[in-house]
Amino acid sequence: MDGPLKNLLVVDLTRVLVGPYCTMILSDLGARVIKVEAPEIGDDSRKFGPFIKDYSAYFMSLNRGKESIALNLKNNEDKKIFEKILSKADILVENFKPGTLEKWGFGWKDVNKKYPKLIYASASGFGQTGPLKELPAYDMVVQGMGGLMSVTGQPNSEPTRVGTSIGDITAGLFTAIGINAALYDRQKTGKGMFIDVSMLDCQIAILENAIARYLSKNEIPKPMGSRHPSIAPFEAFKTKDSYIIIAAGNDKLFEKLCNLLQIPEVSKDPKFSDNSSRAKNMDELKKILEEKLLSKKTSDWVSEMEKDKIPCGPIFNIKEAVENPQIESRNMIVKAFHKVVGDFKLAGNPIKMSSYKDEKTRGDIPDLDEHRQKIIKEFCN
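Small disclaimer: the values here were computed from a predicted structure and weren't measured.

**Some remarks on the sheet that holds strand E10 (residues 243-247)**
At step 1: With respect to topology, three strands assemble into an open sheet ordered E9-E10-E11, the strand pairing being antiparallel. With one partner strand each, in any of the chains shown, strand E9 (234-238) and strand E11 (312-314) form the two edges of the open sheet. On average, each strand axis in the sheet is inclined to that of its neighbour by 25 degrees, with strand direction left out of account.
At step 2: Bridge analysis of E9 against E10 gives five bridges, and the strand direction is antiparallel. Across the sheet, residue Glu235 finds its bridge partner in E10, namely Ile246.

Listed below in structure tokens is the structure:
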């Protein structure tokens, strides 16, 4: 891939999601990524469903455009190969449990002495410090411990996981951000840097309104379904056939909404005339709005509201979301090639850059150890 990170070499020692997601972003931005996997087993996610012709669609969706070599970092011969690759690398990304790479002689201090310009990024469940640093963690563990599940779901419902692995994905994103900042810093200092990203830290970092509410008001937020805790109307409303999301985030938008629904008097009612008042009277306001919204289908309301530039939308299932013409026009469904599966569709890169073409085809998906001979020839001869 062409991109701003072209000619940078990333050594990818990651598995499953948080690390591969980070290195996928770097690859999409033009970096060359060499994925170092455990012999015979490979990345754990190679065995995660769904499967196409016995190949993991989960793995394929995260590892396009990477090269694969299988190395046992406890084996002296494989260590020598790894050292040769590392000596030419710009970035090392790993998501082992803290302390693991130190045991194998590839911890930050050891690597930094040999390769002072190398950027070394570690993403782990709880980070490199603190009382929990040695414990393993999965996405759902940090969603729970990070408070996210306490504000997700309907009031009085059982604990509800966010429907995607946001614990892993946010950590992958923050790691990629840290790496790019470290690259800029290296241009000024000529030195590499150690980046320590904790999945749990990332969950705290994205709590926005919930954490602001607790730290400023000492209030402990609870699940509110689709509702926003301090903006109204800002939730899902019933229509004749389904639901519509309406996000009238200021007084002017609310007035436009009331005029469209032919209830202009509601926007002038002291109980609803400003956002603070509406937030205090959300239940009553929802009843008033739904009485009108139940008269038409969601698609009809969306069409009318879009004409007035009122923020709104339907609730799509995954099929409807990926087949949305807006998504197609933004090149958000692309394809990569696997030598057995053939063309494989997957999510595109949401970062669009004026200087680089957003290609419809991404790099090939690697089999385990597929690039061994090529890599050894390049780095070890």
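That shown, we press on.
**Remarks on the layout of surface pockets**
Empty space among the atoms becomes visible once a probe the size of a water molecule is rolled across them.
At step 1: In this model, the largest pocket occupies a volume close to 1200 Å³.
At step 2: Taken together, 34 residues line the largest pocket, and the ones lying closest to its centre are Met332, Ile333, Leu346, Ala347 and Gly348.
At step 3: Those elements that place two or more of their residues in the lining of the largest pocket are helix H1 (18-28), helix H2 (57-62), helix H7 (166-189), helix H15 (318-322), helix H16 (325-329) and strand E13 (342-347).
At step 4: No other element matches H7, which puts five residues into the lining of the largest pocket.
At step 5: Along the lines of polarity and charge, the residues of the lining of the largest pocket split into 21 nonpolar, eight polar and five charged.
At step 6: A volume near 480 Å³ is recorded for the second largest pocket.
At step 7: If you go around the second largest pocket, you meet 21 residues; those closest to its centre are Arg15, Val16, Asn95, Ala137 and Tyr138.
At step 8: Here the residues of the lining of the second largest pocket sort into 13 nonpolar, three polar and five charged.

**Some points on the state of the cysteines**
At step 1: A complete count under the given rule lists zero disulfides for this structure.
At step 2: The thiol of Cys258 is unpaired, and the distance to the nearest cysteine sulfur, on Cys312, comes to 15 Å.
At step 3: By relative accessible area, which is 22% here, Cys312 ends up partly exposed.

**Some remarks on the pairing of strand E7 (residues 119-124)**
At step 1: Within E7, six of the six residues are buried, which leaves the element mostly enclosed by the surrounding structure.
At step 2: Pairing geometry for strand E6 (residues 91-94) and E7, over four bridges, is parallel. Within E7, the residue paired with Leu92 across the bridge is Tyr120.
At step 3: Inspection of the sheet shows E7 paired to strand E8 (residues 193-198) by six bridges, in the parallel sense.

**Some thoughts on the side chain of Glu235**
At step 1: The topology assignment puts Glu235 in strand E9.
At step 2: One polar contact links Glu235 to Lys286, side chain to side chain, over a distance of 3.1 Å.
At step 3: With sequence-adjacent residues up to four places away left out, Glu235 is seen in contact with Ser226, Arg227, Ile244, Ile245, Ile246 and Lys286.

**Describing the pattern of salt bridges**
At step 1: Under the criterion given, the structure shown has 26 salt bridges.
At step 2: With a closest N to O distance of 2.9 Å, Asp251 and Arg278 form a salt bridge. Remark: Arg278 occurs in helix H12 (residues 275-280) and Asp251 occurs in helix H10 (residues 251-260); sequence separation between them is 27 residues.
At step 3: Judged by relative accessible area, which is 37%, Asp251 ranks as partly exposed.

**Concerning the side chain of Asn63**
At step 1: Within the element layout of this structure, Asn63 appears in the loop between H2 and strand E5 (66-70).
At step 2: Among the residues examined, Asn63 registers a relative accessible area of 0% and is labelled buried.
At step 3: Side chain to side chain, Asn63 and Lys35 meet in a polar contact 3.1 Å long.
At step 4: A polar contact is formed between the side chain of Asn63 and the side chain of Lys66, at a distance of 3.1 Å.
At step 5: Not counting residues up to four positions away in its chain, the partners in contact with Asn63 are Pro20, Lys35, Asp43, Asp364, Ile365 and Pro366.

Rules of the game
- Residues numbered from 1 in each chain as written.
- Predicted model: local features only at pLDDT ≥ 70, side-chain atom pairs only at ≥ 80, totals over all residues.
- Heavy atoms only, no water.
- Pairing = 2+ DSSP bridges.
- Helix = DSSP H or I, 4+ residues; strand = E, 2+ residues; numbered from the N terminus.
- Axes fitted to C-alpha atoms, helices over the stretch in contact; angles between N-to-C directions.
- 1 Å grid on protein atoms, 1.4 Å probe; cavity = no way out; pocket = protein on both sides within 12 Å on 5 of 7 lines; lining within 4 Å.
- Points joined across faces, edges and corners; volume = space filled by probe spheres on them.
- Nonpolar A, V, L, I, M, F, W, Y, C, P; charged D, E, K, R; others polar.
- Disulfide = S-S within 2.5 Å.
- Buried < 20%, exposed > 50% of the residue type's maximum accessible area, 1.4 Å probe, protein only.
- Polar contact = N/O pair within 3.5 Å; in protein donor to acceptor, adjacent residues only side chain to side chain.
- Contact = heavy atoms within 4.5 Å.
- Salt bridge = Lys/Arg side-chain N within 4 Å of Asp/Glu carboxyl O.

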